[in-house]
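Descriptive structure summary
If you want the building blocks of each chain, they are given just below.
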Amino acid sequence: MSMINLRDYYPFCNTDIFLDIPDEVATVLLEAERQEEAYRRRMYRHKAQYSLDRNDGIEHDICFESPSPFEVYERKMTAQQLHAAITALPDKQGKRIYAHYVLGISKSEIARAEGVSEKNIRKSISQGLRNLEIFLRNFSE
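Let me sum up the structure you'll find in this document. (Residues numbered from 1 in each chain as written. Predicted model: local features only at pLDDT ≥ 70, side-chain atom pairs only at ≥ 80, totals over all residues. Heavy atoms only, no water.)

The next thing to look at is the nonpolar core. If you look at the biggest cluster of nonpolar residues, it comprises 10 residues: Ala 85, Ile 86, Leu 89, Ile 97, Ala 99, Ile 110, Ala 111, Ile 121, Ile 125 and Leu 132. At the level of secondary structure, the elements contributing two or more residues to this core comprise α4 (69-88), α5 (91-102), α6 (107-114) and α7 (118-140). Looking at this core, the element that brings in the most residues is α7, giving 3 residues. Other than its neighbours up to four places away in sequence, Ile 110 contacts Arg 96, Ala 99, His 100, Ile 105 and Ile 121. (Core = buried A, V, L, I, M, F, W, Y, C linked by side-chain atoms within 4.5 Å. Buried < 20%, exposed > 50% of the residue type's maximum accessible area, 1.4 Å probe, protein only. Helix = DSSP H or I, 4+ residues; strand = E, 2+ residues; numbered from the N terminus. Contact = heavy atoms within 4.5 Å.)

Written out as structure tokens, the structure is:
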């Protein structure tokens, strides 16, 4: 009979619990431990440690792909067109669209801040979006 500590095999076990087990079971446990360690060594030697919590920058490179110069230029032009379209709108419509879509302020909060009904804000924003669509359609032609 062999003596093992269950704390070595169960990480959630907080105290030492010694147990007598048959030699055959001890041999199987020892072989499983050796195989696990051999697997860890192979993973290390072949540089196959691709874990999301490794902090080696793999997931950063995947998530934040650097844009091409064409994409940077296209984004800049789109932002300029959108800015020009918003400034071409009537003052209230432009401010309300900017506050709602860019700053993320709800329509009810805008209505409360301006002292008007939420219905007026919704109507103004929807009319402003129609005007934006017309302006951008004419701008791209």
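Anyway, onward from the coordinates.
Now for the packing of α5 against α6. Taken N-terminus to C-terminus, the directions of α5 and α6 make an angle of 140°; their axes are 10 Å apart at the nearest point. Looking at the two axes, α5 sits oblique to α6. In this structure, α5 crosses over α6, and the sense of that crossing is right-handed. In this structure, α5 uses Arg 96, Ala 99 and His 100 to contact α6, whose residues at the interface are Lys 107, Ile 110 and Glu 114. Split into classes, the residues belonging to the contact of α5 with α6 amount to 2 nonpolar, 1 polar and 3 charged. (Axes fitted to C-alpha atoms, helices over the stretch in contact; angles between N-to-C directions. Parallel < 35°, antiparallel > 145°, perpendicular 65-115°, else oblique. Left-handed = near helix turned anticlockwise from the far one by under 90°. Nonpolar A, V, L, I, M, F, W, Y, C, P; charged D, E, K, R; others polar.)

So, about a nonpolar patch on the surface. A cluster of nonpolar side chains, contributed by Tyr 98, Tyr 101, Val 102, Leu 103 and Leu 129, occupies part of the molecular surface with about 490 Å² of accessible area. The biggest single contributor to the nonpolar patch is α5, with 3 residues. Assignment of secondary structure puts Tyr 98 in helix α5. Look at Tyr 98 and you get partly exposed, because its relative accessible area is 41%. (Patch = residues over 30% accessible without salt bridge, like charges linked within 9 Å, V, L, I, M, F, W, Y side chains within 5 Å. Areas by Shrake-Rupley, 256 points an atom, 1.4 Å probe, with all protein chains shown as cover. Salt bridge = Lys/Arg side-chain N within 4 Å of Asp/Glu carboxyl O.)

In this section: α5. A rise of 1.5 Å per residue sets the reference length of α5, with its 12 residues, at 16 Å; its end C-alpha atoms lie 16 Å apart and thus fit the reference within 8%. Taken residue by residue, α5 has Gln 93, Gly 94, Arg 96, Ile 97 and Ala 99 as its buried positions. Looking one or two residues beyond α5, the residue adopting positive phi is Gly 104, at roughly 80°. (Expected span 1.5 Å × (residues − 1).)

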